[in-house]
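# Coordinate analysis (summary)
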Amino acid sequence: MKPLVLTFKGIRSYRGEQTIDLRQRTLVGIIGETGAGKSSVLEALHFALFGDCTWEAPTHKVLIADGGDGTLSVKLTFTTGNRTWIVERSISRDRATSVHRLISQDDGTIVTGRRAVDKRIREIIGMDQATFTKSVILPQGRFEQLLHMSPGERAGVLKKLLGLDDLDTIRDLARTRHEQLLPLLTELTTRRDGLETDPRAAVENAERRLRTVQAKLVRLRSIARTVAAASAKHTTLAAERDSIDAAQGRLRQELGGHDLAGVATLQNLARQLDDEGRAIKERLAPIEREIDELTNELGDRSPGRPEADAANNARISLTRIAEQLQQITELRGSVQDAAAGIFEREAAVEALTQAVDEADSRAEAAHKASTEQATEAQNVSASNAKATRLLAEVRSAAKGVSTYTERVENLDRRRQAANEALTHAQANFGDLGRRLDEANSQQAELQRLNSAAHAAEGLGPGDTCPVCSHCIDADFQPPATAELTTINKVIRELKKRHSAALQAVSDAKAEQDHVAKELPEVQMDLDTARRTYAGSLVTLTGVLGEFKVDDDDSVILSTTINAAMKAQERAVEATRERTRLQTAAAAQRATATAAAKELKTQTDHLASQRRTIDAHLAAVEAARKQLPTRYQPADTTDTAIATAAQTARLDHEQQARHTERLGQLRAEVAAANTDRTKLGKRYDRTVRGPAAQHRQRTQTLLHHHDTLADLLAVGHADAGDPAASIADQAAWTRASASRIEDLLSIANKRIEELATGIAETEAGIAAAIATAATNGRDLSEALEHEIGQEALAKQEHATLTTQIAMADDLQRRIEATRPHVQSLKVLVGLLSDAKFIGHIVADRQRALLANANALLGDMSRRQFAFADDFQIFDAHTGQLRDVKTMSGGETFQASLALALALVEQTALNGGRAEALFLDEGFGTLDRSALTHALDALQSQVQAGRLVVIISHMRAVADYVPDLLLVERGPAGSTARWASDRERADLAEEDLYGGLQE
C-alpha cells in the first residue's frame, strides 16, 4: 500500500482542511515543534484505512478536534500493485451517522458501510490493523524495548510482530473445525450402518417377490371380473322384478281408496248456481248505464280526474289576484312621495361636495409648503452632518500621523538593539562550538580505552589476545577503565549551552528580520496617514471656509449648527398649518359623505319599492296566465276578474251535484257485487273445490299407472284437460279406470319371466367361484389380501432402491470427510507442540537477524552486529556486548536496524507494505550517525517504498528531498511543504548538528 493524496479535517489539532500530496515523493521528512501535530498526520492516515485510533481508546471519537464543527473527515487515495483506490470516512461527535466508502478508480466499484470497507481494505493491503501498526507505522521506543527484553519475552513479542501468532489462530480454527466435523462424520457412519450392506442385491430379491405376487393377482382379478358380471346381471333382474312388484302394489292400493263415479252429483249442483248468477247481472245493467251518462257529462272534472278541482282552484286564485292589485295601487302612491324628497336631498349633497373640494385645495397647498420647509431643513442638517464627519476625519488623520511617527522611532531603536545582540550571540555560539568539538574528541578517546579494557578483562601473561591473536607478554598490565561520567556531564552541559547560544542567534536574527520587515511597512503607513490628513483638511475647508484647526469643535461648527436649528423651526410651523387645514377638510368630507350615504340609502329604498311593484305585477300576470282557459280573464281589470270568478263558482256548484248522484249509484253497484262474490264463494266451496279434489285423486292414480307403465315399457294414460267441464271430467274418469285394469294384467306376466332369469344367473356364479383357490377365504378377501401383498412388495422395492443412492452418497461423504478430520487432528497436535512453534520462531528470528545485521553493519561502518541471542558483537573489541553497555546513538542504530529488518520480513510474509512511517526520535545521533541512519532508510526508497520520517530535528531538512512543515496556531495546526529557502534556513540553523527538541 502506497499513499498518494491524503486530505483530512477536524482531527485532533487540525480544525481546517489539509491536503498532503505524496505523489512523485520518495523520502519525506515531517518536522515541527512538540505538540504541533506531526503524529496526527499518521493518525489521519491510519483512520482512513482502519477507521480507528493507533492506540487503545474507549471510542474513535476522541480523534475529533476540539473547537471545530464536531466532524472528522478523511479522504485517502492510495495504490496497491497496479490498482488505485479512494477511501472516504466521516464521523460526528453529536450524530450517530457516519460515512465509510471505498471506490475503485479502475472499474468504479463502490463499497459502503464500515464493516464491508474494513474487510475489503484488509484484503487489498494484505494485513490487518495490528500488523499495519507494527510494519508500516513504527512507533517511538518499541524496538529499543525489544533489545532489552529477556529471551522469553522477546520470543513472545517477535512471535506477534512477525505474524507467528497467526499459528495460534490456525490451531484454534483447526480444533474448532475438527470438533465440528467429528460429530458429522460419526452421524454419517451411523446412518450408513443403518442401511443394507448390499442394497443392490436386496433390490433384486424384492423384484422377484413382486413378480410372483403380481402373477397370482392377475388370475384372481380375471375370476373376479367374471363373477362381477354375473352378479351385476342378477342384481339387474332382481331389481326390475322388485320395482314392478312394488309399483303394482302401490297402484292397487290407490285404486281401492278412490270413488270414480262421484263426479256425476257435482254436475246438478253446478247448473243451479249458474241460474242465480244470471239474475244478479240483469239487476246491475240499468245502474251502470246511468253511471256512464254522468261520467261522460263531467268528463275530466269527474272525481279522481285531472280537472276535478279546476273550478274551485280558479275561484280561489282569482280572489288572490284581486287582493294583490289593491296592494300594488297603494305602493305606487308611496313611491311618488319618496321620489319628490330624494330630488331635494341631491341638491344639498352637491353643495357639500363643492365645499369639500375647496377645503382639499387649501390643505394641499399647505402640504406642499410643509414639504418644501422639511426638505430645506434636511439639506441644512446634512451639511452640518457632513461638516461634523469631515472634522472627525481630520482629527482621526492627525492622530494616525502621531501614532505612526512614534512606531517608526520605536522600530529604529529595536533595529539597533537587535544588531548588537546578534553580534554578541554569534561570537558566543562559535566559542561554544569549538569547546564542544574538543570535548567530543576526549569522549571518543576515553570510549576507545574502555573498549580495550573490556577486551582485556580476565586476561594475563601467556593468554591469546582476542584482537590480534598474539600471545600476551609476561609484563602485560590490563588497562584501567576510564571514567566517562565527568566528560559526559561536560558534553551535556556544553550541548545545552551550545543549543541555548544557537537559539539566541536564531532569536536575534528573527528580531532583526522582523524589524527589517515591519519598518518599511510602518513608514508607508505614516506617509499614507499624512496624505490622508492633508486631503481631509482641504475638503473640510471647502465646506466651512477658513477656520482654525486648534479651535474647539463647537466653535468650528457653530455656523452650520445655527442654520440647521432655524430651518427646523420653520419646518415645524409649516407642519402645524398643514395639519390644521387637513383636519378641517376631513370634517367637511365626513359631513358630505354622511349626506351622500343617506341619499343613497333613500334612492336604494325607492328602487327597491319599484322593483317590488314590478314583481307584484309580474306575479299577477303569471297567475292569470296559469288559470284554465275557461276561467282566464282577458286582462287584469276588476270587471274581467269578477266575470271569470262568477263562471268558476257556477261550474263548481254543478260539479258537486253530479258527484253526489254518482256516489249513490256506485253504492248500489257495490251491493250487487257483494251478492255476486258470495255466489262465487258458494260455487267454489260446493262445486269447483270437490271437482278439483276428485281430479287430483284421479291424477295421483294415473301417476302410479304411468310409473308401472315405464317399468313395463308401455304407453302412459291420458292426463285429461284441467279446464274441462264437469261432464267431460266424468267421461275421462271412466276411461282411466279401464286402462288401469289392462296394465295390471301385463305386470303379472312380466314378474313370472324375471323369476326364471334370476335362477339361471345364480347357478353360473357358483360354478365360477369353485375354480378359484382362495385358501378358505372369500373371493373379495383373497383379492384384497393379494393387493396388500403387492403394495408391501412395491414399498420394499422402492425403499431398497432409494437406499442405493443414499448409501452411495453417505459412503462418498464419509470417504471425503474422514481424511480431513484426521488431518485436522494431526494439525492441532502439531501446532500444540511447543518445540514445533519454537523451531518456527527461531527460523524466523535467524532470518530477521540476518537482515538486521546487514543494515546495522552499514550504519555502524561494520563495527556492530547482532548475535543469535540479540547481544551485540563489537568488531573493535572482538567481544559480545550487552546492549546496556551501548551509548544512546549506538542503541538507536541497533533499534532502527531491527525495525527495518522487521518491515522486510513482514513484506516477505505477504504484507503489501509499499510505505514506511517512522515516528522515532533521532536526537541521540551525531551528524555522522544520522547520515548512516538516513542512508539505511534510503535503501527502503530504492526498494520502491515511500519513507516518511517524523522528527523534531531540523537537520533532517539537509537529508530528505521533501520536507513537510507542521505548525500550530490559534486556529489549529497546518501542514505545508517547505520551500527551498525554508529548507536552507533550517539547515543553516543546525550548523553543528545540534538538536531542537
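Description of the structure in this document.

Reading the values: the criteria
Residues numbered from 1 in each chain as written. Predicted model: local features only at pLDDT ≥ 70, side-chain atom pairs only at ≥ 80, totals over all residues. Heavy atoms only, no water. Axes fitted to C-alpha atoms, helices over the stretch in contact; angles between N-to-C directions. Helix = DSSP H or I, 4+ residues; strand = E, 2+ residues; numbered from the N terminus. Parallel < 35°, antiparallel > 145°, perpendicular 65-115°, else oblique. Left-handed = near helix turned anticlockwise from the far one by under 90°. Contact = heavy atoms within 4.5 Å. Nonpolar A, V, L, I, M, F, W, Y, C, P; charged D, E, K, R; others polar. Pairing = 2+ DSSP bridges. Core = buried A, V, L, I, M, F, W, Y, C linked by side-chain atoms within 4.5 Å. Buried < 20%, exposed > 50% of the residue type's maximum accessible area, 1.4 Å probe, protein only. Phe/Tyr/Trp six-rings, centres within 6.5 Å; stacked < 30°, edge-to-face > 60°. Lys NZ or Arg CZ within 6 Å of the ring centre and 35° of its normal. Salt bridge = Lys/Arg side-chain N within 4 Å of Asp/Glu carboxyl O.

### Observations concerning the packing of helix α7 (residues 199–256) against helix α13 (residues 638–712)
Running from N to C, α7 and α13 point in directions that differ by 160°, and their axes come no closer than 9 Å. Comparing their axes, α13 and α7 come out roughly antiparallel. By crossing handedness, the relation of α7 to α13 is classed as left-handed. Each of E240, S243, I244, A247, Q248, R250, L251, E254 and L255 in α7 lies in contact with α13, whose residues at this interface are R697, T700, L701, H704, H705, T707, L708, L711 and L712. Residue classes in the contact of α7 with α13 are distributed as eight nonpolar, six polar and four charged.

### Concerning the sheet that holds strand β10 (residues 872–874)
The strand order β9-β10-β11 describes an open sheet built from three strands, whose pairing is antiparallel. Pairing within the sheet leaves two strands with one partner each, and these edge strands are β9 (864–866) and β11 (879–881). Between one strand and the next, the sheet's axes are offset by a mean angle of 35°, whatever the strand orientation. Bridge count for β9 against β10 is three bridges, and the pairing is antiparallel. When the bridges of β10 are listed, A865 appears paired with F873.

### Quick look at the nonpolar core
If you look at the biggest cluster of nonpolar residues, it comprises 46 residues, and the most contacted ones within it are F8, F78, I125 and F132. Here this core gets eight residues from one element, more than from any other, and that element is helix α1 (residues 38–50). Formed by 39 residues, the second largest nonpolar core is a distinct cluster that contains L848, M859, L898 and L963.

### Concerning the packing of α7 against helix α15 (residues 779–831)
For the pair α7 and α15, the least separation of the axes is 8 Å and the interaxial angle reads 155°. When the interaxial angle is binned, α7 and α15 end up roughly antiparallel. Crossing of α7 over α15 shows left-handed handedness. By residue class, the composition of the contact of α7 with α15 is 19 nonpolar, five polar and ten charged.

### Description of the packing of aromatic side chains
Applying the stated criterion across every chain yields a total of one aromatic pair. Both rings, one in F8 and one in Y14, keep their centres 5.1 Å apart while their planes meet at 90°; by these two values the pair is edge-to-face. Taken individually, F8 and Y14 each receive the classification buried, so the pair is uniform in this respect. Here R25 stacks its cationic end above the ring of W977, 3.7 Å away from the centre of that ring.

### Overview of the pattern of salt bridges
Pairing of side chains with opposite charge becomes possible as their charged atoms draw close. In this structure the tally under the stated criterion is 45 salt bridges. With a closest N to O distance of 2.7 Å, E123 and K119 form a salt bridge. Here K119 and E123 lie together in helix α2 (residues 114–125), a separation of four residues that amounts to about one turn. Note on E123: relative accessible area 40%, which makes it partly exposed. A salt bridge links R661 to E290; its shortest N-O distance comes to 2.9 Å. Here R661 is found in helix α13, whereas its partner E290 is found in helix α8 (residues 263–298), with 371 residues between them in sequence. R661 sits in the partly exposed class, given a relative accessible area of 31%. A single salt-bridge network, built from bridges that share partners, covers R83, D106 and D107.

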